[in-house]
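A closer look at the structure
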Amino acid sequence: MRGVVKEYGTRQARVRALDGVSTDFPAGSWTAVMGPSGSGKSTLLHCAAGLEVVTSGQVRIGELDITTSSDAELTALRRRQIGFVFQSFNLLGSLTAGQNVALPLKLAGVRVSAREVRDVLAGVGLADRIRHRPRELSGGQQQRVAIARAMVTRPAVLFADEPTGALDSKSARVVLDLLRDMVDSDGQTIVMVTHDPAVAASADQVVFLSDGRIVDRTAGLNAHGVAERLAALED
Ligand SMILES: Nc1ncnc2c1ncn2[C@@H]1O[C@H](COP(=O)(O)OP(=O)(O)O)[C@@H](O)[C@H]1O
Ligand SMILES: [Mg+2]
């Protein structure tokens, strides 16, 4: 991201959610984005993922400048290069876990084999839940299905907005261990928003936002160290 500005609204109601953000999310590593409520974390994630159009500045994913891409290119990018996981899972309740996982490829007009779906669910430790519906799964299991669904297109980047925000600490740990394994074993690139220092400490580096600007970037801090940096921003 280079000099990214994102404004919402017009005239007196205008809000500058991102105020000139320049940063890199290194391939094959896991970055956490932290900051006080309203500091622009979700906006940053949506702009980086091409889910929202920036007001000015540049966003590049690999070789592709998504700020100058056509609508068709952006749609293709979102379907094939981007995985997105939400706090609220966003699974379709009427579909089984397997059908939820297959959905992104079906939407992209790609044939999906049962084996492919089983393999991706096995990757999140849920091969035996392929026929379960979301309400028959725990919160942690539902989030792992959502991660499998995000990964089925083999995206270049997995974006996650508070992925453990709705989970108890034990389920959260399972999800964080899964993300860690995706980075270490497969070289997956992950960008994750969280407000929880213990969650951020699982990542390789932490970017701190305040009032729409990046004010710090750290690596190797434990939860206590992350909490101290965050507290300094909230003063
Ligand atoms: N769709 C929107 N319309 C208007 N203002 C928005 C919209 N989305 C976010 N904002 C504003 O932008 C700022 C940053 O929001 P957000 O990125 O959601 O922060 P965070 O995720 O860090 O809590 C806030 O002031 C918020 O009210
Ligand atoms: Mg948010």
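Higher on the page you've got the structure.
Structure report, in brief. (Residues numbered from 1 in each chain as written. Chains lettered and ligands numbered in written order. Predicted model: local features only at pLDDT ≥ 70, side-chain atom pairs only at ≥ 80, totals over all residues. Heavy atoms only, no water.)

**Description of the site of ligand 1**
- Surrounding ligand 1, one finds Tyr8, Val15, Ala17, Pro36, Ser37, Gly38, Ser39, Gly40, Lys41, Ser42 and Thr43.
- Side-chain polar atom of Thr43 to an oxygen atom of ligand 1: 2.6 Å apart, as the coordinates give it.
- A total of 560 Å² of accessible area belongs to ligand 1 in isolation, and the protein chains cover 57% of it.
- Sorting elements by how many residues they give to the shell around ligand 1 places helix α1 (residues 41-48) first, with three residues.
- Of the residues contributing to the shell around ligand 1, the split by class is four nonpolar, six polar and one charged. (Near = heavy atom within 4 Å. Polar contact = N/O pair within 3.5 Å; in protein donor to acceptor, adjacent residues only side chain to side chain. Areas by Shrake-Rupley, 256 points an atom, 1.4 Å probe, with all protein chains shown as cover. Helix = DSSP H or I, 4+ residues; strand = E, 2+ residues; numbered from the N terminus. Nonpolar A, V, L, I, M, F, W, Y, C, P; charged D, E, K, R; others polar.)

**Notes on the pairing of strand β3 (residues 30-34)**
- Along β3, five of the five residues are buried, which leaves the element largely enclosed by surrounding structure.
- Pairing of β3 with strand β9 (residues 189-193) involves four bridges; the strand directions are parallel. Considered in β9, the bridge of Ala32 is made with Met192.
- Bridging between β3 and strand β10 (residues 205-210) involves four bridges; their strand directions are parallel. Bridge pairing links Thr31 to Gln205 in β10. (Buried < 20%, exposed > 50% of the residue type's maximum accessible area, 1.4 Å probe, protein only. Pairing = 2+ DSSP bridges.)

**Looking at the packing of helix α5 (residues 139-151) against helix α6 (residues 169-186)**
- Orientation of α5 relative to α6, taken along the N-to-C sense of each, is 25°, at an axis distance of 9 Å. With respect to their mutual orientation, α5 and α6 come out roughly parallel. In the packing of α5 onto α6, the handedness of the crossing is right-handed. Taking contact as the criterion, the partners of Gly140, Gln143, Arg144, Ile147 and Met151 in α5 are, on α6, Ser171, Val174, Val175, Leu178, Leu179 and Met182.
- Class assignment for the residues of the contact of α5 with α6 results in seven nonpolar, three polar and one charged. (Axes fitted to C-alpha atoms, helices over the stretch in contact; angles between N-to-C directions. Parallel < 35°, antiparallel > 145°, perpendicular 65-115°, else oblique. Left-handed = near helix turned anticlockwise from the far one by under 90°. Contact = heavy atoms within 4.5 Å.)

**Regarding the packing of aromatic side chains**
- In the structure shown here, the tally under the stated rule is two aromatic pairs.
- Considering the side-chain rings of Phe84 and Phe86, the 4.8 Å spacing of their centres and the 35° angle between planes classify their relative orientation as tilted.
- By relative accessible area, which is 12% here, Phe84 ends up buried.
- Here Phe86 falls in the partly exposed class, since its relative accessible area comes to 28%.
- Look at Phe84 and Phe159: their rings are 6.2 Å apart centre to centre, the planes differ by 20°, and that puts the pair in the stacked class. Within this pair, whereas Phe84 is found in strand β7 (residues 82-86), its partner Phe159 is found in strand β8 (residues 157-161), the two being separated by 75 residues in sequence.
- Connected via pairs of aromatic rings, a cluster forms that spans Phe84, Phe86 and Phe159. (Phe/Tyr/Trp six-rings, centres within 6.5 Å; stacked < 30°, edge-to-face > 60°.)

**So, unusual backbone geometry**
- Unlike most non-glycine residues, Phe89 shows phi in positive territory, near 65°.
- With respect to the helices and strands, the residue Phe89 is situated in the loop between β7 and α3 (97-107).
- Unusually for a residue other than glycine, Asp211 sits at a positive phi of about 50°.
- Relative to the helices and strands, Asp211 is located in the loop between β10 and β11 (213-219).

**Side note on the sheet that holds β9**
- Sheet architecture is open: six strands sit in the order β7-β8-β9-β3-β10-β11, paired in mixed fashion. Of all strands in the sheet, those with a lone pairing partner are β7 and β11, marking the two edges. Within this sheet the neighbouring strands show an average axis-to-axis angle of 20°, counted without direction.
- Sheet topology note: the β10/β11 ladder contains six bridges and is antiparallel. Note that in β11 the partner of Val206 across the bridge is Thr218.
- Lying over the sheet, α1 contacts β3, β7, β8, β9 and β10, oriented at roughly 155° with respect to β8.
- Strands β7 and β8 of the sheet are contacted by α5, whose axis makes an angle of about 165° with β7.

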